[in-house]
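Tertiary structure, described
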Amino acid sequence: MLNLNKLFYAKLAFSNLKKQRSIYLPYILTSILSISMFYIMNFISANNGIDEIPGGDSMRSILILGTYIIGIFSTIFLFYTNSFLIKRRKKEIGLYNILGMEKKHIGKMMFYETIIVVTTSLIAGLFVGILLSKLMFMLLLKILHFSVPMGFTVSIPSLIITGILFLCIFFITLLSNLRQIHVANPIELLRGGNEGEKEPKTKWLLAIIGIGTLGAGYYIALKTDNPLSALTLFFVAVVLVMIGTYALFSAGSIALLKALKKNKTFYYKTKNFTAVSGMIYRMKQNAVGLANICILSTAVLVIISTTVSLYMGMEDVLGNRFPSDVLITVRDPADEMTDRIVEMTKETTKEYGMEVQNFYDYHYLAFAASKDGASFFTDYEQSNSTNGNVSQLYFITVEEYNRSQKSAFTVGDDEVMVYSYRGKYQENEFKIFDKKYRVRAHLQDFEAGGLNSAMITDSYYIIVKDKAVVEELYEKALSVYGENMSDPVYYIGFDLEGSDEEIIACAGAIQDKIRVDYPNAYLENKQESTESFYSIYGGFLFIGIFLGTLFIMATVLIIYYKQISEGYDDKERFEIMQKVGMTKQEVKSAIRSQIITVFSLPIIMAVVHIAFAFKMITKLLQVLNLTNVMLFFYCTVATIIIFAIIYVIVYGLTAKVYYRIVK
């Protein structure tokens, strides 16, 4: 037994890290960036300056969510990369064990290695986080179009939270490493780097499961036409696609390679023989890494494209949410009082020297119903379920519609006109409460934004003959919904000419005056709400940038470690190939063929995932009031191109490491 002192363990640990710097340096850099990103996000979410931003509460909630995501992902990812490190070092540790070093001595050595890694990562990570925290906060304010004076500060609570979290992560990884060393014998440790060299069997059941789950996820994404359905089914589709991705990379890739191996014309060519035989022997290990790269690449593409399109489409979002500068909703006012509301509104605008423009108003009755073809059912439990057929119905008399739209339509006793908002209704009939109406016309335009645009269900505006029809519908709906039934609503919209400050002041005065007599009146002002929208959508963009950066960093590290792992695994094999007659050029060609094939698969699959998910994501964006599909398409294409360029650069740089190891 060796009589080793503590200083020796520390020196040995430092020497080991120095010799293994090619694999530990990227790990330490990743830890530094993860620590700094977590500190920055936590620092900003706790910053008092957020309270001075309109919509600051929503912004803080978004940032806190981002902090949790970064913390959880950092835990999983650092634990995952640590498993690669310990695998690469099993031979070395096994050799120490055979030479006489007991497992408790190896444990002490690994403890000191962890101390060095933790100390370096925490000090450097917190330093970078503190240094960049003010810059990131200023970037956030720039995105929000807001300015808050703020000096340079250091958040002690954020330092403590960050330190505790990452100390726990490193402690868990150390325990995991010690457990692996404790349960393994020296021979197993020496063979640790060569595990998985047996040719894997074709797992047809797993391949079929992969095809089935991936197909089911794609089917859900393609068949989802309703924003409410998209909201409830999105994570189901994501889980199915993830399962399918892992299964297909694990089993499907092996089946494909074995099929290529059976193709004698293809297989018995130098570069194909080397590439296929090399990949097929270690595809079990390759598959998980490739699937991880694919999933992370897909996450980057989705997060960046959606958040950028939301921010760039802010004007479209505001236009959908606020079709007019001022929107007033009053519940159940008496008929004779609606004129008084309009009069008070116009009086107030004159007091502020402003003129009402593009004025429109109408009464409507609204309630939810479940759609089945041309029929709508008002069973309370069914209409409030989360199935995709739930719709919101708005009933308006043709007189009110004509007045607000300056039109001259007529509707018979058993006729209606229909305007579809976030829904498709092409039927020639309309059925409600066991009564059938003929659809006289499908309207193409109507001012149906405002609060209704925030609904995640499809909406249909039904134009009926007169108030008697509306009152009859109200009585029938009231018998179904009872106290949950909404009152009829009087809706006003108009624009004002002036600066944003003047419009905000005038809208506030209108609201104060109307609420004296109508406390249940609700007024929305586009100019005042713009800052809140920038807070929410700017927060999404900021989180998207952070998470996109984190996922790209994870993707790069996985690719790098995969190249190192493949390099060491292929080194001896290619040496043998050269000894039996392959030239260096043939070896290099075979290497290039293999790594291009391996690393092109994840990005190709990620693009395929995005293509199938595109429709469902557009439905989710509708919930956030973005209906500009082409904008999202262009943002998605641009994101794919930029990410592909980054991916190719990373591949090129890491491929050099692979070539150097193999040579």
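In what follows, the structure referred to is the one given above.
Structure report, in brief. (Residues numbered from 1 in each chain as written. Predicted model: local features only at pLDDT ≥ 70, side-chain atom pairs only at ≥ 80, totals over all residues. Heavy atoms only, no water.)

1. A few points about the overall build of the chain
The following threshold applies: What counts as a helix is a DSSP run of H or I of at least four residues, what counts as a strand is a run of E of at least two, and both are numbered from the N terminus. Three exposure classes are used, based on accessible area relative to the maximum for each residue type with a 1.4 Å probe and protein chains only: buried under 20%, partly exposed in between, and exposed over 50%. The contact definition used throughout considers only heavy atoms, calling two residues in contact when any of these lie within 4.5 Å. Areas reported as accessible are Shrake-Rupley estimates using a 1.4 Å probe. Residue values count occlusion only from the protein chains shown.
A count of helices and strands for the chain gives 21 helices and 10 strands. Here the chain holds 663 residues, and the buried ones make up 52% of them. At a minimum sequence separation of 6, the contacts of the chain that also span at least 24 residues come to 84%. Of the roughly 31,100 Å² that the chain leaves accessible, carbon and sulfur atoms contribute 62%.

2. A word on the layout of surface pockets
We count it as follows: Cavities and pockets are defined on a 1 Å grid built over the protein atoms alone: a cavity is a set of grid points where a 1.4 Å probe fits but cannot escape, while a pocket is an open set with protein on both sides within 12 Å along at least five of seven lines, and lining residues are those with an atom within 4 Å of any such point. Grid points are joined across faces, edges and corners, and a volume is the space filled by probe spheres set on the points. For this scheme, ten residues count as nonpolar: Ala, Val, Leu, Ile, Met, Phe, Trp, Tyr, Cys and Pro. Four count as charged, namely Asp, Glu, Lys and Arg, and the remainder, Gly too, count as polar.
Each pocket or cavity is described by its volume, and for the largest pocket that value is around 1,600 Å³. Surrounding the largest pocket, 45 residues form its lining, Phe 234, Phe 235, Ala 299, Val 302 and Ile 303 being those nearest its centre. The set of elements that each furnish at least two residues to the lining of the largest pocket consists of helix H3 (56–88), helix H8 (204–223), helix H9 (227–262), helix H12 (283–312), helix H19 (526–579) and helix H20 (584–623). Take the lining of the largest pocket: its biggest share by element is 10 residues, from H12. Among the residues making up the lining of the largest pocket, the classes are represented as 36 nonpolar, nine polar and no charged.

3. Considerations on the packing of aromatic side chains
Each aromatic ring pair is described using two quantities: the centre-to-centre distance and the angle formed by the ring planes. What counts, and what does not: Ring geometry is summarised as follows: Phe, Tyr and Trp rings, the Trp one being its six-membered ring, pair when their centres sit within 6.5 Å, and such pairs are stacked at plane angles under 30 degrees, edge-to-face over 60 and tilted between the two. Each ring is checked for a lysine NZ or an arginine CZ that lies within 6 Å of its centre and within 35 degrees of its normal; such an atom marks a charge sitting over the ring.
As enumerated under the stated definition, the model contains 31 aromatic pairs in all. Against the face of Phe 359 rests Lys 346, its NZ or CZ located 5.1 Å from the ring centre.

4. Description of helix H13 (residues 314–321)
One turn of the α-helix equals 3.6 residues, which is why residues spaced by three or four share an orientation. Heads up, the rule is: The arc under discussion is defined with respect to the helix axis, by the directions toward the C-beta atoms.
What H13 keeps buried is the set Met 314, Val 317, Leu 318 and Arg 321. Buried residues in H13, looked at end-on, bunch into an arc of 95 degrees, giving them a common side.

5. What to know about helix H2 (residues 21–45)
Worth spelling out the cut-off: Take the residue count of a helix, subtract one, and multiply by 1.5 Å to get its expected span.
Here H2 spans 35 Å end to end across 25 residues, near enough to the 36 Å set by a 1.5 Å rise per residue. Summarising burial for H2: 20 of the 25 residues are buried, a large majority.

6. Topic: the side chain of Glu 415
This is how it is decided: Any pair of N or O atoms that falls within 3.5 Å is considered a polar contact. Within protein, one atom must be able to donate a hydrogen and the other to accept it, and sequence-neighbouring residues count only if both atoms are side-chain atoms.
Mapping Glu 415 onto the fold places it in strand E5 (residues 415–421). With a relative accessible area of 13%, Glu 415 lands in the buried category. Polar contacts involving the side chain of Glu 415 include one to the side chain of Arg 440, which spans 3.4 Å. Excluding its chain neighbours within four sequence positions, the residues that come into contact with Glu 415 are Tyr 437, Arg 438, Arg 440 and Ile 463.

7. Some thoughts on the environment of Ala 230
Topologically, Ala 230 is positioned in helix H9. Judged by relative accessible area, which is 0%, Ala 230 ranks as buried. If we skip the residues at most four places from it in the chain, Ala 230 touches Thr 224, Met 616, Lys 619 and Leu 620.

8. Let's talk about the nonpolar core
Using the following cut-off: For this analysis, a nonpolar core means a set of buried residues of the types Ala, Val, Leu, Ile, Met, Phe, Trp, Tyr and Cys, connected via side-chain atoms within 4.5 Å.
The biggest cluster of nonpolar side chains holds 120 residues, and the ones touching the most others in it are Ile 44, Leu 63, Phe 542 and Tyr 561. Broken down by element, this core gets its largest block of residues, 18 residues, from H19. Beyond its immediate stretch of four places on either side in the chain, Ile 44 contacts Ile 50, Leu 63, Met 136, Phe 137, Leu 140 and Phe 542. Ranked by size, the runner-up nonpolar core spans 26 residues in total, among them Phe 367, Ile 432, Val 464 and Ala 477.

9. Describing empty space enclosed by the protein
This model, assessed by the stated rule, comprises three cavities of 30 Å³ or more. Roughly 130 Å³ of internal volume is contained in the largest cavity. Lining the largest cavity we find Tyr 24, Tyr 27, Asn 82, Leu 85, Met 110, Glu 113, Thr 114, Val 117, Phe 170, Thr 173, Leu 174 and Asn 177. When the residues that make up the lining of the largest cavity are grouped by side-chain class, the tally is seven nonpolar, four polar and one charged.

10. Quick word on the pairing of strand E4 (residues 390–397)
So the rule is basically this: A strand pair is defined by DSSP finding two or more bridges across the two strands.
The buried fraction of E4 is high, at eight of eight residues. Where burial is concerned, the two faces of E4 agree: the one with Val 390, Gln 392, Tyr 394 and Ile 396 and the one with Ser 391, Leu 393, Phe 395 and Thr 397 are both buried. Note: E4 against strand E8 (residues 458–464), seven bridges, orientation parallel. Bridge pairing in E8 links Gln 392 to Ser 459.

11. What about the environment of Asn 428?
Note on placement: Asn 428 falls in the loop between E5 and strand E6 (429–432). Between the C-alpha atom of Asn 428 and that of Arg 440, which follows or precedes it by 12 residues, the distance is 7.8 Å. Discounting residues that sit within four places of it in the chain, Asn 428 has contacts with Tyr 437, Arg 438 and Val 439.

12. What about the environment of Leu 478?
On the secondary structure map, Leu 478 appears in helix H17 (residues 467–481). According to the relative accessible area criterion, Leu 478 is partly exposed, its value standing at 30%. Sequence spacing of Leu 478 and Phe 367 is 111 residues, and the spatial spacing of their C-alpha atoms is 9.6 Å.

13. Let's talk about the side chain of Ser 31
By the secondary structure assignment, Ser 31 is in helix H2. Here Ser 31 falls in the buried class, since its relative accessible area comes to 0%. Not counting chain neighbours up to four residues away, the residues in contact with Ser 31 comprise Leu 78, Ser 121 and Phe 170.

14. Brief notes about a nonpolar patch on the surface
Going by this rule: A patch is a set of surface residues, each over 30% in relative accessible area and not in a salt bridge, joined within 9 Å for like charges and within 5 Å for the nonpolar side chains Val, Leu, Ile, Met, Phe, Trp and Tyr. By convention in these notes, a salt bridge is any Lys or Arg side-chain nitrogen within 4 Å of a carboxyl oxygen on Asp or Glu.
Residues Met 630, Phe 633, Tyr 634, Val 637, Ile 641, Ile 645, Ile 649 and Leu 653 make up a contiguous nonpolar surface patch of about 770 Å² in total accessible area. Here Ile 641 lies in helix H21 (residues 629–662). Its relative accessible area of 48% is what places Ile 641 among the partly exposed residues.

15. So, unusual backbone geometry
The general pattern is negative phi for most residues beyond glycine and trans for most peptide bonds. Positive phi values are uncommon outside glycine, yet Asn 358 reaches one of about 55 degrees. Relative to the assigned elements, Asn 358 resides in strand E2 (residues 356–372). A residue is classified by how much of its surface remains accessible, and Asn 358, at 56% relative accessible area, is exposed.

16. Looking at a negative patch on the surface
Applied cut-off: When charges are counted, Lys and Arg contribute as positive and Asp and Glu as negative, whereas His and the chain ends are disregarded. By convention, the charge on Lys lies at NZ, on Arg at CZ, on Asp at CG and on Glu at CD.
Together, Asp 500, Glu 501, Glu 502, Glu 528 and Glu 531 line one region of the surface with negative charge. Of all the secondary-structure elements, those providing two or more residues to the negative patch are helix H18 (500–517) and H19. Take Glu 501: its relative accessible area is 60%, and that puts it in the exposed class.

17. Examining the pattern of salt bridges
Under the definition given, this model contains 11 salt bridges. Notably, a salt bridge pairs Glu 351 with Lys 513, separated by 3.2 Å at the nearest N-O pair. Within this pair, whereas Glu 351 is found in helix H14 (residues 335–351), its partner Lys 513 is found in helix H18, the two being separated by 162 residues in sequence. The salt bridge partner of Glu 429 is Lys 436, with a shortest N-O separation of 3.7 Å. On the basis of relative accessible area, Glu 429 is assigned to the partly exposed category, the value being 31%. Through salt bridges that share partners, Arg 340, Glu 343 and Glu 347 make up one connected network.

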